[in-house]
Amino acid sequence: MGEFKRAIGVAALGAVLGLSSTAWADSSDPIKIPIHNWSSQIVGAEIVGKILNDAGYEVEYVPADSQVVYTSMCEGDIDLVHEVWQGAFGVAFEAVVDEGCVVDAATHDAKTREEWWYPAYVEEICPGLPDWEALNACAAQFATPETAPNGRFLGGPVDWLKHDQERVDALGMDFQVVNAGSAAALWAELDSASARGEPIVLFNWTPNFIEAVYDGKFVEFPEYGEGCLDDPSWGMNPDSTYDCGNPKGGYLKIGVWEGMQEKWPGAYAVIEQINFSNLDIAVMSKLVDVDGMEPSEAADKWLADNEDKWKAWSASAGS
Ligand code: TMO
């Protein structure tokens, strides 16, 4: 109701001043949001887009590589990335923030972890887990014809840029990284290995739907620390970077193109308020990966179930 009145007031003022946009002073160009290759992001992109629609903005969804998107923001081709995972994208994101062409607009409450993971029954096959050295001692159990005599680690699609092979090399592990073509391929392999009780170690993350469906654990590597990714002398291998695990309790941020605040001040104010929890992100992926909804259907359901939450973001924008 209050929003409706404000929109009328703003439209009237816009008319008096000869402006056409409802969101007065904001550009009427669409705000460009990328679509990546994992479910929570796809659903969340539509949620963010629909929240912006509700506030009077046009949005455009652009399928995008999840690493290249940071350069695309600098080039003005993408305006808003709402799921910046520290583990996968922290390096690319922080580089463009340092350059000044991307703004660190908000940090979600959600805490993230992306790491090698196994279903619980694998502990019977490989005692000593979740320790990485114990995993390495039974590498041969994870071998496939493709990787033998090394074990196979099933990584995510290459654009998640997890540097898994660098880590294997830095830690001297007897594993070979094989990248899955899609998130769906990861879950299909987990499903069939679980059905047969076969050893598998693969890339997974939290928040995700997996924790609601499978019992399992992350592998514990040497603790991540500042310097691990760029200072060879850091960590247990003095000659190599990547001799550590991914951060635990990693951030999930919203990054925007640096011109956004000036071009769409009202939209920027809403975006600064957006704040997803671990449960929000897990539910977004579950609606698609477990319940089989289409992403836009899942977005509508999340918006209907969380109306108080997201309407408060729009209402408090800029205050
Ligand atoms: C970026 N991801 C959540 C797929 O690790």
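Residues numbered from 1 in each chain as written. Predicted model: local features only at pLDDT ≥ 70, side-chain atom pairs only at ≥ 80, totals over all residues. Heavy atoms only, no water.

**A few points about the pairing of strand S5 (residues 113-119)**
Most of S5 sits inside the fold, with seven of its seven residues counted as buried. Sheet topology places S5 next to strand S8 (residues 202-206); five bridges connect them, and they run antiparallel. By the bridge assignment for S8, Arg113 is matched with Thr206. The sheet contact formed by S5 and strand S9 (residues 216-218) spans three bridges and is antiparallel. Within the sheet, the bridge partner assigned to Pro119 lies in S9 and is Gly216. (Buried < 20%, exposed > 50% of the residue type's maximum accessible area, 1.4 Å probe, protein only. Helix = DSSP H or I, 4+ residues; strand = E, 2+ residues; numbered from the N terminus. Pairing = 2+ DSSP bridges.)

**Quick word on the sheet that holds strand S10 (residues 252-257)**
Judged by pairing direction, the sheet is antiparallel, and its three strands sit side by side in the order S3-S10-S4 without closing on themselves. Each end of this open sheet is capped by a strand with a single partner; those strands are strand S3 (80-85) and strand S4 (102-107). Taken over all neighbouring pairs, the strand axes of this sheet differ in orientation by 35° on average, direction set aside. Relative to S10, S3 runs antiparallel, the two sharing four bridges. If you follow Trp85 over to S10, its bridge partner there is Leu252. Most of the contacts of helix H4 (residues 86-99) go to S3, to which it runs at about 130°, and overall it touches S3, S4 and S10. (Axes fitted to C-alpha atoms, helices over the stretch in contact; angles between N-to-C directions. Contact = heavy atoms within 4.5 Å.)

**Comments concerning the site of the ligand**
Around the ligand, the neighbouring residues are Trp38, Trp85, Ala88, Phe89, Glu114, Trp160, Phe203 and Trp205. Within the side chain of Glu114, a nitrogen or oxygen atom sits 2.7 Å from an oxygen atom of the ligand. Considered on its own, the ligand offers 210 Å² of accessible surface; in the complex 100% of this is hidden by protein. Those elements that provide at least two residues to the shell around the ligand are H4 and S8. A class-by-class count of the residues in the shell around the ligand yields seven nonpolar, no polar and one charged. Composition of the shell around the ligand by domain shows at least three residues from each of domain 1 (2-107 + 250-317) and domain 2 (113-218). (Near = heavy atom within 4 Å. Polar contact = N/O pair within 3.5 Å; in protein donor to acceptor, adjacent residues only side chain to side chain. Areas by Shrake-Rupley, 256 points an atom, 1.4 Å probe, with all protein chains shown as cover. Nonpolar A, V, L, I, M, F, W, Y, C, P; charged D, E, K, R; others polar. Domains from an automatic or database assignment.)

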